[in-house]
Amino acid sequence: MSDLNALQEQYEQYKSMGLALNMQRGQPSDADYDLSNEMLTIVDETDVVTPSGIAIRNYPGGVAGLKEARELFGAMLGVKPEEMLVGNNASLKLMSTTLMWAMIRGLKDSPKPWSQEETIKFIVTVPGYDRHFTFLDAIGIEMVSVQMTSDGPDMDAVEALVANDASIKGIAFVPTYSNPTGDTVSHETVKRLASMKTAAPDFTIFADDAYIVHHLTDDPAKPLNLLRACEAAGNPDRVYLFGSTSKITFASAGIGFMATSVTNLAYIGKLMGTQFIGPNKIEQYRHVKFLNNYPGGIDGIMREHANYLKPKFDVVVDVLTEQLGGTGLATWTNPKGGYFISLDTAKPVADRVVELAKGAGVALTPAGATYPHKKDPNNANIRLSPSRPPVEEVAQAMQVVAVCVKLASAEYDA
Ligand code: PLP
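This one's a predicted model, so the numbers in the text were calculated from it and none came from an experiment.

Q: I'm lost on the overall build of the chain in this one. Help?
A: Looking only at helices and strands, the chain features 13 helices and 13 strands. Here the C-alpha radius of gyration of the chain, 22 Å, is about what a compact globule of 414 residues would show, namely 22 Å. For the chain, the spread of C-alpha atoms along the three principal axes comes to 75 × 55 × 35 Å. Looking at the chain as a whole, 56% of its 414 residues are labelled buried. At a minimum sequence separation of 6, the contacts of the chain that also span at least 24 residues come to 75%. Entry remark: accessible area of the chain is about 17000 Å², with carbon and sulfur atoms responsible for 50%. Charge separation in the chain, taken as the distance between the mean sites of 36 positive and 48 negative side-chain charges, equals 6 Å.

Q: Just to check I follow, could you spell out the nonpolar core for this structure?
A: One broad rule of soluble globular proteins: the nonpolar side chains tend to lie buried together. The biggest cluster of nonpolar side chains holds 53 residues, and the ones touching the most others in it are Phe73, Val158, Leu193, Ile205, Leu226, Leu241 and Ile298. It is helix H3 (residues 67-77) that contributes the most residues to this core, five residues altogether. Counting residues in each nonpolar core, the second largest holds 49 residues, with Tyr11, Val174, Ala330 and Val353 among its members.

Q: Before we go on, may I ask you to explain the site of the ligand in this structure?
A: Not every one of the 13 residues close to the ligand is listed here, only the nearest: Ser91, Asp208, Tyr211, Ser246 and Lys247. Note that an oxygen atom of the ligand is positioned 2.9 Å from one of the side-chain N or O atoms of asparagine 179. The separation between an oxygen atom of the ligand and a polar side-chain atom of tyrosine 211 is 2.5 Å. With the chains in place, 91% of the 400 Å² that the ligand exposes on its own is no longer accessible. For the shell around the ligand, the per-class residue count stands at seven nonpolar, four polar and two charged.

Q: Please explain the sheet that holds strand S11 (residues 341-345) as it appears in this structure.
A: Picture the strands of a sheet paired through backbone hydrogen bonds; they go either parallel or antiparallel. With antiparallel pairing, three strands are arranged side by side in an open sheet as S10-S11-S13. Edge positions in the open sheet fall to strand S10 (330-332) and strand S13 (381-384), since each of these has one partner strand only. Recorded for the sheet is a direction-independent mean angle of 20° between the axes of neighbouring strands. Strand direction decides the pairing type here: S10 and S11, joined by three bridges, are antiparallel. Residue pairing across strands places threonine 331 opposite aspartate 344, the latter belonging to S11.

Definitions and limits used
Residues numbered from 1 in each chain as written. Predicted model: local features only at pLDDT ≥ 70, side-chain atom pairs only at ≥ 80, totals over all residues. Heavy atoms only, no water. Helix = DSSP H or I, 4+ residues; strand = E, 2+ residues; numbered from the N terminus. Rg over C-alpha atoms; globule rule 2.2 N^0.38 Å. Buried < 20%, exposed > 50% of the residue type's maximum accessible area, 1.4 Å probe, protein only. Contact = heavy atoms within 4.5 Å. Areas by Shrake-Rupley, 256 points an atom, 1.4 Å probe, with all protein chains shown as cover. Lys, Arg positive; Asp, Glu negative; His and termini not counted. Charge placed at Lys NZ, Arg CZ, Asp CG, Glu CD. Core = buried A, V, L, I, M, F, W, Y, C linked by side-chain atoms within 4.5 Å. Near = heavy atom within 4 Å. Polar contact = N/O pair within 3.5 Å; in protein donor to acceptor, adjacent residues only side chain to side chain. Nonpolar A, V, L, I, M, F, W, Y, C, P; charged D, E, K, R; others polar. Pairing = 2+ DSSP bridges. Axes fitted to C-alpha atoms, helices over the stretch in contact; angles between N-to-C directions.

What follows is the structure, given as structure tokens:
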């Protein structure tokens, strides 16, 4: 029997098992959520006024959120409370709202609203986060792809692009344990981002630090703080940082926040303040009480999450190594944190792998999702999301994925 036939037979065996496994989206597991159940009841009638004197049932308090929340999440992002705006349940909402204001009114140093410029471009890193791409596209910002490297965005490419093209208004990327590669910016990358010469006077770094505390090992990534680095480089208003508790407490009922210079915050806070009176302070206070009381605080709960997540990451890497190691058919990352593993097929077969996996009952992130306009020029990258299914299911799903990589590659050669 030829290799192709043998692989087809193996694949058919998996198909006949009637599997229904999902490795598609980076969602926490119910065990992860259970760690935060206490938060559901932690606020009661004794908490209607916070220690800083804010009545959480009433309007006043301001658009930047509770002082206690700005302190807690400011410490998490490594910035001062006065540099923080704590919002409602999604960092994406804060990032997209900031970008929308940039389009409508411009950012603080913009010569004019971005929407009045002939072309607006953003650098995005690839492979990267699909929701960055879909939003940028939706508001009419053109994307220029730059490779994500093990040191962060390819800085030679970034510097060359921003130096001469004033239509490039910013860069959007994930600095710590990037989605999907798990890469973290090096100190040198942070310094170069902070100090590089940009043709656009309002060039802005949108750093989505969704995984800043999501360590999987005892050797946590410690990237330099982008806000401090920009300040030190004489570009204090260059960066907005974003983060949330979506993968700390509850994904749809967490808290999103952002940090930027005090001057930027005054500018954007005023604009956002025209949209609503203030965020949900009860939800913020629930998080403050819960996370401040959690043994070890945010680091403590993240260690508990890592206990659930690490075996799942390990099993993905183990199965890939066992099944595909030395075959030359694929490479993959082995992240020290975050939520994803990035798999690259050597041949342009990612879409076929995803299709085959689906046929055998394993849902994967669609091929191309990690590139703007869903177009991976190499048709190679697949984002693996092991966080939600139990570890046994991750193992089984990965066996299927490995066979699909082999089969798709053999089909390609045939
Ligand atoms: N940013 C990145 C890089 C993500 O991977 C995710 C979720 O997968 C989000 C943001 C979503 O964050 P939020 O729930 O705070 O909007």
